[in-house]
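Overview (structure and organization)
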Amino acid sequence: MFIIVVFAVFLISVSAHTSKVIDPSEGYIAPFFSVERNDTSVSLDELKGKYVLLTFWASRDANSRIKCREYTSFAQDLKLEDRFCQLSINFDKSQRLFSEIVKLDKLDAETQFYAQGDGALHLIKEYQLEEGYHSFLIDQQGKIIEKDPTITSLKKILNH
């Protein structure tokens, strides 16, 4: 019995110290993903070394659409390309609708990606977006440091 208890404590302590924990909460490593658009592909690993503002949105979710516009406006005013980037993932029902909203809202098309099918389901599951879309500020090491950051908090973090 003693050996079983020692083994269980060992397993718990080893699993508690791994950086492979996938949880979209502050303090955890952001779940890995890769998105594609035409001939362009971006993965979260490629962006290490920069702060990443990761935004999930859909036109049917007014709050996420408004936040995406606010974040895009904020990011366009910044001159921190070497330290910061915005990456937005859209979950609309059609790519055509997504493209129209990007134009209508004057979003930076370079930072906008459309997810569908298994890719969208994977992101929704990994980032726990079943009950609404959120944004995550990810630090240079890939750790989530804030969920749904405000423009004020972004300014504080990025102007260090």
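Residues numbered from 1 in each chain as written. Predicted model: local features only at pLDDT ≥ 70, side-chain atom pairs only at ≥ 80, totals over all residues. Heavy atoms only, no water.

A few points about the pairing of strand β3 (residues 51-57)
- Here β3 lies mainly inside the structure; seven of its seven residues are buried.
- Covered by surrounding structure in β3 are Tyr51, Leu53, Thr55 and Trp57 together with Val52, Leu54 and Phe56, the residues of both alternating faces.
- Inspection of the sheet shows β3 paired to strand β6 (residues 135-138) by four bridges, in the antiparallel sense. Following the sheet pairing, Val52 is matched in β6 by Ile138. (Buried < 20%, exposed > 50% of the residue type's maximum accessible area, 1.4 Å probe, protein only. Helix = DSSP H or I, 4+ residues; strand = E, 2+ residues; numbered from the N terminus. Pairing = 2+ DSSP bridges.)

Brief notes about the sheet that holds β3
- The five strands are arranged β5-β4-β3-β6-β7 in an open sheet whose pairing can be described as mixed. In this open sheet, the two strands that pair with only one neighbour each are β5 (112-114) and β7 (144-147). Averaged over all pairs of adjacent strands, the angle between their axes in this sheet comes to 20°, without regard to strand direction.
- With seven bridges joining them, β3 and strand β4 (residues 84-90) adopt parallel strand pairing. What sits directly across from Val52, in β4, is Cys85.
- With respect to the sheet, helix α3 (residues 95-104) is in contact with β3, β4 and β5, its orientation differing from that of β5 by roughly 165°. (Axes fitted to C-alpha atoms, helices over the stretch in contact; angles between N-to-C directions. Contact = heavy atoms within 4.5 Å.)

A look at the packing of aromatic side chains
- Evaluated as defined, the whole model comprises nine aromatic pairs.
- A ring pair is formed by Phe56 and Phe91, whose centres lie 5.8 Å apart and whose planes are at 20°; its orientation type is stacked. With Phe56 in strand β3 and Phe91 in the loop between β4 and α3, this residue pair connects regions lying 35 residues apart in the sequence.
- The class of Phe56 is buried, set by a relative accessible area of 1%.
- Judged by its relative accessible area of 5%, Phe91 falls in the buried class.
- Ring centres 5.3 Å apart and planes at 55° place the aromatic pair Tyr127 and Phe136 in the tilted group. In this structure, Tyr127 and Phe136 share a single accessibility class: buried.
- By the ring-pair criterion, three or more aromatic residues cluster together here, those being Phe33, Phe56, Phe91, Tyr127, Tyr133 and Phe136.
- A cation over an aromatic ring shows up here: Arg37 above the ring of Phe113, its NZ or CZ 4.1 Å from the ring centre. (Phe/Tyr/Trp six-rings, centres within 6.5 Å; stacked < 30°, edge-to-face > 60°. Lys NZ or Arg CZ within 6 Å of the ring centre and 35° of its normal.)

Comments concerning the confidence of the model for the protein
- Per-residue pLDDT for the protein averages 83, and the proportion of residues at 70 or more is 82%.
- Within the protein, the element-level pLDDT minimum falls on helix α1 (residues 2-16), averaging 48, and the maximum on β6, averaging 96.
- In this model residues 5-11 is a low-confidence stretch, pLDDT under 50, and it forms zero contacts with partners more than four residues away in sequence or in other chains.
- Here residues 13-22 scores under 50 on pLDDT; set against residues more than four positions off or in separate chains, the count is six contacts. (pLDDT = per-residue confidence, 0-100.)

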